[in-house]
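Here are the chains, one letter per residue:
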Amino acid sequence: MYQPKKYKKDDPEFLFKFIQQHPFATFILNGEKILATHIPVLTKGSAKDFLLFSHIANHNEQFKYLKDDTEALLIFQGAHGYISSSWYKEKDISTWDYSAVHVNVKLKIQSRQELEDSLKELVATFEKPQENPLYYKDIPKKMLDEHLPLITGFWCEVEEIKGIAKLHQGYDKEDIDSVTAHLEKQQNNLNSALSENIKKEHKCK
């Protein structure tokens, strides 16, 4: 990851929370060519010591390369958006603000029981806020018995983790206020989230 010093994020708590807040990751590994899949990834542990875990379908092209100690890369992407130079008080260059965390990992294949436990946690995580949640235990056993042999779960042991948040560091309050206001005017959820991230970085009220 390219990390200019003023945008670099290396605080373990920031990195851990970022992953938890943006769990839909890009999973990349080397096969006969570079392969990527988009999957939900969860954490197990604390900011100081944690594993990641997920699963893929066995008919996924990545499956035949899914072995213990295989190296892979997980990319977690935050809100991002185009920033027009027309929003500044003085002429400048347009840019793109964004945040992301890259995690280099080594894979460990899960046992059947570990896969089931992981799926229970995955379903619980995203069902809990639903109005009428349907938990893993509520899924018909026959359906689970048919589905589980078709997927493979894996742990991701963290080898290296890098974070970046390019959020207009170095700009004055007038330009920050203008950028965030223009982002919010566009009435786009992604741009609104980016505006909030910029405000938080600059401690705007």
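Model, not experiment: these values are computed from the prediction. (Residues numbered from 1 in each chain as written. Predicted model: local features only at pLDDT ≥ 70, side-chain atom pairs only at ≥ 80, totals over all residues. Heavy atoms only, no water.)

Sorry if this is basic, but what is going on with the pairing of strand β6 (residues 71-77) here?
Here is the key point about a regular strand: its side chains alternate between the two faces of the sheet. Pairing between strand β2 (residues 24-30) and β6: four bridges, direction antiparallel. Residue pairing across strands places Thr 26 opposite Ile 75, the latter belonging to β6. Both β6 and strand β8 (residues 95-109) contribute to a ladder of seven bridges, which runs antiparallel. Its bridge partner lying in β8, Ile 75 is registered against His 102. (Pairing = 2+ DSSP bridges. Helix = DSSP H or I, 4+ residues; strand = E, 2+ residues; numbered from the N terminus.)

Would you mind showing me how to read the packing of aromatic side chains here?
Here the distance between the centres and the angle between the planes together describe a pair of aromatic rings. Counted under the stated rule, the structure contains six aromatic pairs. For the pair Phe 53 and Trp 155, a centre-to-centre distance of 5.5 Å together with 70° between the ring planes defines the contact as edge-to-face. Here Trp 155 lies in strand β9 (residues 151-166) and Phe 53 lies in strand β5 (residues 49-57), a separation of 102 residues in the sequence. Per residue, the accessibility class of Phe 53 equals that of Trp 155, and both read buried. Taking NZ or CZ as reference, Lys 9 lies 5.5 Å from the ring centre of Phe 14, over its face. (Phe/Tyr/Trp six-rings, centres within 6.5 Å; stacked < 30°, edge-to-face > 60°. Buried < 20%, exposed > 50% of the residue type's maximum accessible area, 1.4 Å probe, protein only. Lys NZ or Arg CZ within 6 Å of the ring centre and 35° of its normal.)

Sorry if this is basic, but what is going on with the nonpolar core here?
Note on soluble globular proteins: their nonpolar side chains tend to be buried together. Ranked by size, the top nonpolar core spans 25 residues in total, and within it Phe 27, Leu 52, Leu 74, Phe 76 and Leu 107 carry the most contacts. Secondary-structure elements contributing two or more residues to this core are α1 (12-21), β2, β3 (34-40), β5, β6, β8 and β9. Of all hydrophobic cores here, the second largest spans eleven residues; its members include Ala 79, Ile 83, Ala 165 and Ile 176. (Core = buried A, V, L, I, M, F, W, Y, C linked by side-chain atoms within 4.5 Å.)

Can you help me understand the pattern of salt bridges in this one?
Pairs can form between side chains of opposite charge whenever their charged atoms are close. Tallied over the entire structure, the rule returns 15 salt bridges. The closest approach of N and O atoms between Lys 108 and Asp 69, which form a salt bridge, is 2.8 Å. Of this pair, Lys 108 sits in strand β8 while Asp 69 is found in the loop between β5 and β6, placing the two residues 39 residues apart along the sequence. Residue class for Asp 69 comes out partly exposed when judged on its relative accessible area of 43%. Between Glu 116 and Arg 112 there is a salt bridge; the shortest N-O distance is 3.7 Å. With Glu 116 and Arg 112 both in helix α2 (residues 112-127), this residue pair falls four residues apart, about one helical turn. Its relative accessible area of 43% is what places Arg 112 among the partly exposed residues. Salt bridges sharing partners connect three or more residues here, namely Arg 112, Glu 116, Lys 141 and Asp 145. (Salt bridge = Lys/Arg side-chain N within 4 Å of Asp/Glu carboxyl O.)

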